[in-house]
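Each chain, written out:
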Amino acid sequence: MAFQIKKQRKLIEDIELLADDDSVAMTLHVEINIDAIAREYRLTQAKLAAAQKKAAEQSTEALEEYGNAVIAMFTLILGEENTEKALEYFENKYSEMAIQLMPFVTNVVQPAIQRSVEEKRALLANNYHLSRRQKRKLGL
């Protein structure tokens, strides 16, 4: 039997941005290496949550921080070029962009990251021959 190695999976999706007449105005082709962004995604997600709380103050600085956090999140997920296209589509309205694109993040990207993390934990547990007690600590 041969030793088998599996490449990291990529999440490949197309996001269609619709015009007022419901025709496709723009398509964003997204290729995400889930394993590569998993750690940074969690950090960016935390920054976005903190910026959202501060944005409630309505101060210029807080709103600017929120806008930067939204851009950072979508740059990580969509890539720089697609984020610029999305900003152009949403006419630089960060809040509207976040409201419209967050379902993609929460329903597609986040579950893929969770599955990837669980698979990595199981792989590590098998590679290092962890005991049942050690596996439980990892959530396995």
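Details of the structure are given in the entry above.
Undergrad: Could you give an account of the nonpolar core, naming the residues involved and the relevant values?
TA: In this structure, Ile 77, Leu 78, Met 97 and Leu 101 are the most contacted members of the largest nonpolar core, which totals 34 residues. Only strand S1 (10–18), strand S2 (24–33), helix H1 (34–55), helix H2 (60–78), helix H3 (80–89) and helix H4 (94–127) provide two or more residues apiece to this core. No other element matches H2, which puts nine residues into this core. Discounting residues that sit within four places of it in the chain, Leu 78 has contacts with Ile 15, Leu 28, Val 30, Thr 83, Leu 101 and Phe 104.

Undergrad: An account of H2 is requested, with residue identities and associated values reported.
TA: Between its first and last C-alpha atoms H2 spans 26 Å; for 19 residues at 1.5 Å apiece the expected length is 27 Å, and the two agree. Listing the buried residues of H2 in full gives Ala 62, Tyr 66, Gly 67, Ala 69, Val 70, Ile 71, Met 73, Phe 74, Leu 76, Ile 77 and Leu 78. Contact partners of the buried residues in H2: S1, S2, H1, H3 and H4. Just beyond H2, the residue with positive phi is Gly 79, at close to 95°.

Undergrad: Go over the side chain of Thr 83, please, and point to the residues and values.
TA: Along the chain, the position of Thr 83 falls in helix H3. At 3.3 Å, the side chain of Thr 83 and the backbone nitrogen of Thr 75 are in polar contact. With residues up to four places along the chain from it excluded, the contact list for Thr 83 reads Ile 71, Phe 74, Thr 75, Leu 78 and Met 97.

Undergrad: Account for a positive patch on the surface, with residues named and values stated.
TA: A contiguous patch of positive charge on the surface is contributed by Arg 132, Arg 133, Arg 136 and Lys 137. Checked against the element boundaries, Arg 132 lands in helix H5 (residues 132–137).

Undergrad: Which residues make up H4, and what values go with them?
TA: Since there are 3.6 residues in each turn of an α-helix, residues three or four apart along the chain are aligned in direction. At Leu 101, H4 is deflected by roughly 40°, the largest bend along its length, and proline Pro 103 occurs up to four residues later in sequence. Next to the buried residues of H4 lie S1, S2, H1, H2, H3 and H5. Positive backbone phi, approximately 50°, marks His 129, located one or two places after H4.

Undergrad: Run through the environment of Ala 50, naming residues and quoting values.
TA: With respect to the helices, strands and loops of the structure, Ala 50 is situated in helix H1. Residues Ala 50 and Asn 33, spaced 17 residues apart in sequence, show a C-alpha to C-alpha distance of 26 Å.

Undergrad: Can you tell me about the packing of H3 against H4, naming the residues and giving the values?
TA: At a minimum axis distance of 9 Å, the contact between H3 and H4 shows a crossing angle of 110°. Relative to H4, H3 is oriented roughly perpendicular. In the packing of H3 onto H4, the handedness of the crossing is right-handed. From H3, Thr 83, Ala 86 and Leu 87 reach across to H4, where they touch Tyr 94, Met 97 and Leu 101. Among the residues making up the contact of H3 with H4, the classes are represented as five nonpolar, one polar and no charged.

Conventions adopted
Residues numbered from 1 in each chain as written. Predicted model: local features only at pLDDT ≥ 70, side-chain atom pairs only at ≥ 80, totals over all residues. Heavy atoms only, no water. Core = buried A, V, L, I, M, F, W, Y, C linked by side-chain atoms within 4.5 Å. Buried < 20%, exposed > 50% of the residue type's maximum accessible area, 1.4 Å probe, protein only. Helix = DSSP H or I, 4+ residues; strand = E, 2+ residues; numbered from the N terminus. Contact = heavy atoms within 4.5 Å. Expected span 1.5 Å × (residues − 1). Polar contact = N/O pair within 3.5 Å; in protein donor to acceptor, adjacent residues only side chain to side chain. Patch = residues over 30% accessible without salt bridge, like charges linked within 9 Å, V, L, I, M, F, W, Y side chains within 5 Å. Areas by Shrake-Rupley, 256 points an atom, 1.4 Å probe, with all protein chains shown as cover. Salt bridge = Lys/Arg side-chain N within 4 Å of Asp/Glu carboxyl O. Lys, Arg positive; Asp, Glu negative; His and termini not counted. Charge placed at Lys NZ, Arg CZ, Asp CG, Glu CD. Bend = angle between axes of the 7 residues up to and from the residue. Axes fitted to C-alpha atoms, helices over the stretch in contact; angles between N-to-C directions. Parallel < 35°, antiparallel > 145°, perpendicular 65-115°, else oblique. Left-handed = near helix turned anticlockwise from the far one by under 90°. Nonpolar A, V, L, I, M, F, W, Y, C, P; charged D, E, K, R; others polar.

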